[in-house]
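If you want the building blocks of each chain, they are given just below.
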Amino acid sequence: MLLAGSVAFVLAKSITTHGRVHIDDVEYLLVGLMPPVLLYGLSLAADRLIIAGKDSIARRLLATWLLALAAFCLSKELHVYEALRSVIEAAAGIGRDGAEFAMAFLLASLASMATMTGFVVRVTEKRNAITVSLAALVAISAMMHLLLLPR
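Keep in mind it's a predicted model, so treat the numbers as computed, not measured.

**Points about the nonpolar core**
Next, step 1: The biggest cluster of nonpolar side chains holds 36 residues, and the ones touching the most others in it are W65, F72, F119, I140 and M144.
Next, step 2: Mapped by element, the contributors of at least two residues to this core are α1 (2-16), α2 (26-49), α3 (57-77), α5 (96-122) and α6 (126-148).
Next, step 3: Of the residues forming this core, the biggest block, nine residues, is contributed by α6.
Next, step 4: Aside from chain neighbours lying at most four places away, what touches W65 is G5, F9, P35, P36, L39, I140, M143 and M144.

Below is the structure:
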């Protein structure tokens with residue numbers, strides 16, 4: 001899963017830089033390992049708060065990261081990303097950077113709904129599970145915003 005997260009990051013970065021980043025760029029593969037490792041660390045902390053049984057929090061958080069990256073790539077390729085970002089920018093009256101973060105949060109939210117909803121429903125410590133889900137959502141949004149978008 002860590003390698004898949006790293007490769008998915010490099011592919012997403014390649015899309016945002018219009019092909020200037022390639023799959024054999026080792027430095028981007030190493031940077032791409034950061035988000036999955038941080039999410040794995042969050043899952044270790046969450047394991048102390050939530051008794052999940054057989055359900056792996058780490059797997060779900062990494063799946064959320066992968067789905068968020070896939071949604072990002074798909075929205076960029078279909079040119080939906082720019083259109084939605086422009087709508088958010090105009091409707092909220094915020095700058096481009098704020099709209100970019102809002103888009104990252106939106107994509108991470110969609111991914112989180114797909115991966116974390118069933119988990120939160122099944123565990124007995126729902127408040128802790130919701131807290132971990134929100135922390136992961138903010139972390140994934142921030143990592144997408146900081147790492148993927150060109151500066």
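**Points about the confidence of the model for the chain**
Next, step 1: Chain-level statistics for the chain give a pLDDT mean of 84 and a share of 94% at 70 or above.
Next, step 2: Put simply, α1 is where the chain has its lowest mean pLDDT, 75, and helix α4 (residues 80-92) is where it has its highest, 92.

**Quick look at α6**
Next, step 1: Between its terminal C-alpha atoms α6 stretches 32 Å, which fits the 33 Å expected from 23 residues at 1.5 Å a residue.
Next, step 2: Every buried residue of α6 is listed here: A129, V132, S133, A136, L137, I140, S141, M143, M144, H145, L147 and L148.

**As for the environment of L67**
Next, step 1: One can find L67 in helix α3.
Next, step 2: For L67, a relative accessible area of 38% gives the class partly exposed.

**Here we look at unusual backbone geometry**
Next, step 1: If you check the backbone angles, H79 has positive phi at about 60 degrees while not being a glycine.
Next, step 2: Positionally, H79 belongs in the loop between α3 and α4.

**Describing the packing of α2 against α6**
Next, step 1: Following both chains from N to C, one finds α2 and α6 inclined at 170 degrees, their axes separated by 11 Å at the closest point. Regarding the angle of α2 to α6, the classification is roughly antiparallel. Every residue of α6 that contacts α2 at V31, M34, P35, L38, L39, L42, A46 and L49 is listed here: N128, V132, A135, A136, I140, M143 and L147.
Next, step 2: Broken down by class, the residue content of the contact of α2 with α6 amounts to 14 nonpolar, one polar and no charged.

**Focus on the pattern of salt bridges**
Next, step 1: What the rule picks out here adds up to four salt bridges.
Next, step 2: Of the charged contacts in the structure, one is a salt bridge between K76 and E82, with a shortest N-O distance of 3.3 Å.
Next, step 3: By relative accessible area, which is 17% here, K76 ends up buried.
Next, step 4: Here R96 makes a salt bridge to E100, at a shortest N to O gap of 3.5 Å.

**A word on a nonpolar patch on the surface**
Next, step 1: On the surface, L74, L78, V80, L84, L106, L110 and M113 cluster together into a nonpolar patch covering about 620 Å² of accessible area.
Next, step 2: Counting only elements with at least two residues in the nonpolar patch, the list comes to α4 and α5.
Next, step 3: Per element, the largest residue contribution to the nonpolar patch is three residues, and it comes from α5.
Next, step 4: Checked against the element boundaries, L110 lands in helix α5.
Next, step 5: Overall, the relative accessible area of 44% leaves L110 in the partly exposed class.

Cut-offs applied
- Residues numbered from 1 in each chain as written.
- Predicted model: local features only at pLDDT ≥ 70, side-chain atom pairs only at ≥ 80, totals over all residues.
- Heavy atoms only, no water.
- Core = buried A, V, L, I, M, F, W, Y, C linked by side-chain atoms within 4.5 Å.
- Buried < 20%, exposed > 50% of the residue type's maximum accessible area, 1.4 Å probe, protein only.
- Helix = DSSP H or I, 4+ residues; strand = E, 2+ residues; numbered from the N terminus.
- Contact = heavy atoms within 4.5 Å.
- pLDDT = per-residue confidence, 0-100.
- Expected span 1.5 Å × (residues − 1).
- Axes fitted to C-alpha atoms, helices over the stretch in contact; angles between N-to-C directions.
- Parallel < 35°, antiparallel > 145°, perpendicular 65-115°, else oblique.
- Nonpolar A, V, L, I, M, F, W, Y, C, P; charged D, E, K, R; others polar.
- Salt bridge = Lys/Arg side-chain N within 4 Å of Asp/Glu carboxyl O.
- Patch = residues over 30% accessible without salt bridge, like charges linked within 9 Å, V, L, I, M, F, W, Y side chains within 5 Å.
- Areas by Shrake-Rupley, 256 points an atom, 1.4 Å probe, with all protein chains shown as cover.

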